[in-house]
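# Coordinates in review
So you can see what is in the structure, the chains are spelled out below.
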Amino acid sequence: MSALPLDPSVVDRVKIDRGSRVSLAAQIARQLTWLIATGVVQPGSYLPALAHVAEHVGVNVHTVRAAYRQLVEDGLVSMQRGSRTLVLGYDRDRAGSRREDRESSFTVGVMVPSFTDYYAGFLEAVSNASEVEGWLPVFCRTRHYDPSVVSRDVDQLLSRNVDGIIVIHFDRPDDRTAGIFRSASALRPVVFVDSSSADCGSRIVVDEAVAGYRAVSHLIGHGHRRIGIVDPAASWGTSRFVAGSSRALSAAGVPLGNRVVAAASDWSLEAGAKAAVQLLDRDSPPTAIFCAGDVLALGAIAAVKELGARVPGDVAVMGYGEIPFAALAAPSLSTTRLPADELGYEAVRTLRRAIDTGEVQPPVTVETSLILRESCDCTERAGGGATTGIRELEETQ
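Residues numbered from 1 in each chain as written. Predicted model: local features only at pLDDT ≥ 70, side-chain atom pairs only at ≥ 80, totals over all residues. Heavy atoms only, no water.

This part is about the overall build of the protein. Check the secondary structure of the protein and you find 13 helices and 15 strands. Across its three principal axes, the protein shows a C-alpha extent of roughly 80 × 40 × 35 Å. Split into buried and exposed, the 397 residues of the protein put 51% on the buried side. Entry remark: accessible area of the protein is about 18,000 Å², with carbon and sulfur atoms responsible for 49%. Each charge class in the protein can be summarised by its mean position, and for the 40 positive and 47 negative side chains these summaries are 5 Å apart. (Helix = DSSP H or I, 4+ residues; strand = E, 2+ residues; numbered from the N terminus. Buried < 20%, exposed > 50% of the residue type's maximum accessible area, 1.4 Å probe, protein only. Areas by Shrake-Rupley, 256 points an atom, 1.4 Å probe, with all protein chains shown as cover. Lys, Arg positive; Asp, Glu negative; His and termini not counted. Charge placed at Lys NZ, Arg CZ, Asp CG, Glu CD.)

Before going further, it helps to spend a moment on the sheet that holds strand β3 (residues 107-112). Hydrogen bonding along the main chain pairs the strands of a sheet, whether they run parallel or antiparallel. Read across the sheet, 6 strands follow the order β4-β3-β5-β6-β7-β13 without closing on themselves; strand pairing throughout is parallel. Of all the strands in the sheet, the pair left with one neighbour each is β4 (136-141) and β13 (364-366). When strand polarity is set aside, the average angle formed by the axes of neighbouring strands in this sheet is 20°. Direction of pairing for strand β7 (residues 202-206) relative to β13: parallel, over a ladder of 3 bridges. Paired with V206 across the two strands is V366, which belongs to β13. (Pairing = 2+ DSSP bridges. Axes fitted to C-alpha atoms, helices over the stretch in contact; angles between N-to-C directions.)

Contact geometry for helix α6 (residues 147-159) and helix α7 (residues 175-185): axes closest at 9 Å, N-to-C directions at 15°. Classed by the angle they form, the pair α6 and α7 counts as roughly parallel. Relative to α7, α6 is oriented so that their crossing is left-handed. Contact residues: α6 offers P147, S148, V150, S151 and V154, while α7 offers R176, T177, I180, F181 and A184. For the contact of α6 with α7, the per-class residue count stands at 6 nonpolar, 3 polar and 1 charged. (Parallel < 35°, antiparallel > 145°, perpendicular 65-115°, else oblique. Left-handed = near helix turned anticlockwise from the far one by under 90°. Contact = heavy atoms within 4.5 Å. Nonpolar A, V, L, I, M, F, W, Y, C, P; charged D, E, K, R; others polar.)

For the rest of this paragraph, the subject is the nonpolar core. Residues F122, I166 and V193 are the most contacted members of the largest nonpolar core, which totals 72 residues. In terms of residues, this core owes the most to one element, helix α11 (residues 294-306), which gives 8 residues. Look past the residues within four positions of V193 in its chain and what remains in contact with it is F122, I166, V167, I168, H169, I204, L343 and A347. By size, the runner-up hydrophobic cluster in this structure holds 45 residues, among which are V11, V87, Y90 and A184. (Core = buried A, V, L, I, M, F, W, Y, C linked by side-chain atoms within 4.5 Å.)

Turning our attention to the packing of helix α10 (residues 269-280) against α11. Two elements in contact, α10 and α11, have axes whose closest approach is 7 Å; the angle formed by their N-to-C orientations is 55°. Viewed along their axes, α10 and α11 adopt a mutual orientation that is oblique. Classified by chirality, the crossing of α11 by α10 is right-handed. Residue-level inspection shows L269, A271, G272, A273, A276, V277 and L280 of α10 in contact with α11, the latter providing V295, L296, L298, G299, A300, A303 and V304. For the contact of α10 with α11, the per-class residue count stands at 12 nonpolar, 2 polar and no charged.

Glancing now at the pairing of strand β6 (residues 190-193). Burial along β6 is two-sided: the face carrying V190 and F192 and the face carrying V191 and V193 are both buried. Both strand β5 (residues 164-168) and β6 contribute to a ladder of 4 bridges, which runs parallel. Bridged to I165 within β6 is V190. Handedness of the crossover joining β5 and β6 through α7: right-handed. Pairing analysis gives 3 bridges linking β6 to β7, with the strands arranged parallel. Opposite V193, over in β7, you have I204 as the bridge partner. (Right-handed = clockwise from strand over helix to strand, strands pointing away.)

Next comes the structure, spelled out in structure tokens:
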């Protein structure tokens, strides 16, 4: 099969900086690597002729030949004497394994499921902590860890020679995505933040089972015996919130059959509202709902009101995360505070240690706390909440 023609405008994207400490050949190689990793230059196409690139950037043809040879060594292209240079595609394992001649790029990748208010505090903390380290963070939206998006983002980050990668809330337990991260962690230090599906790299741990236990125990303390749980991870059978709620019900002597779980389609207001309607459209609807995210909880509150019921008079609602405007909702949202800023700072500190030592770091645990407000029928105050049996639960985790 003949190779694909290359868009002539691609060569126009290659620029050089004669004032840079990076060699001209390395600059050309890095930019072509980026174009291949991003898919701008497709496998099966030809790179421009050496003389064409040399004329465009104003360098000797031998400099371009050195850049192309680097791409050959990285497994990106095939170049034979007297023939054109064929693009093979980006091989992350081979292209990212050349450590001996790699200098720090002072950039780090940060992967989040979505760009929502839920992650605002985390991203700000990562940005601030990275500035202290002299790093430039590159933020990637993974669309809830869709495998094709993760593969593309990881390849782009590695082609940019990032010093490490931070991943938050990777909770999609499919083999393809997990394999991508295992491959990346073999090439660069990776820190997983509150990610139940991570089986490699350094980890920042939040015990969601304890968080779910505390929230549901608090609702039980208000007299609720029929409790709904909204969590997208329930569709994958990996919800630690559901596990914690089971312990809370058992500790209070409430039958597990009194709990009903709705797997929201994503983490949006709309998904939270739909899941709440699903819960409430039952013969014996729950009188309290705990959501695995504050945005979901706000959607649930909207759905309860739309159905003509009151929060918390008819249905109590609690969330998780403590997003910035949770206290401004009507009614103000009771939640379990996930210290996003602490997660961000700890992620950067852990990545720094992993880079310096070249080793996976021991897990770091970050604690959550109840923030009790009007939506669960509490006055506005921070802290407190259910405590009975919490110590026993934590000791069994």
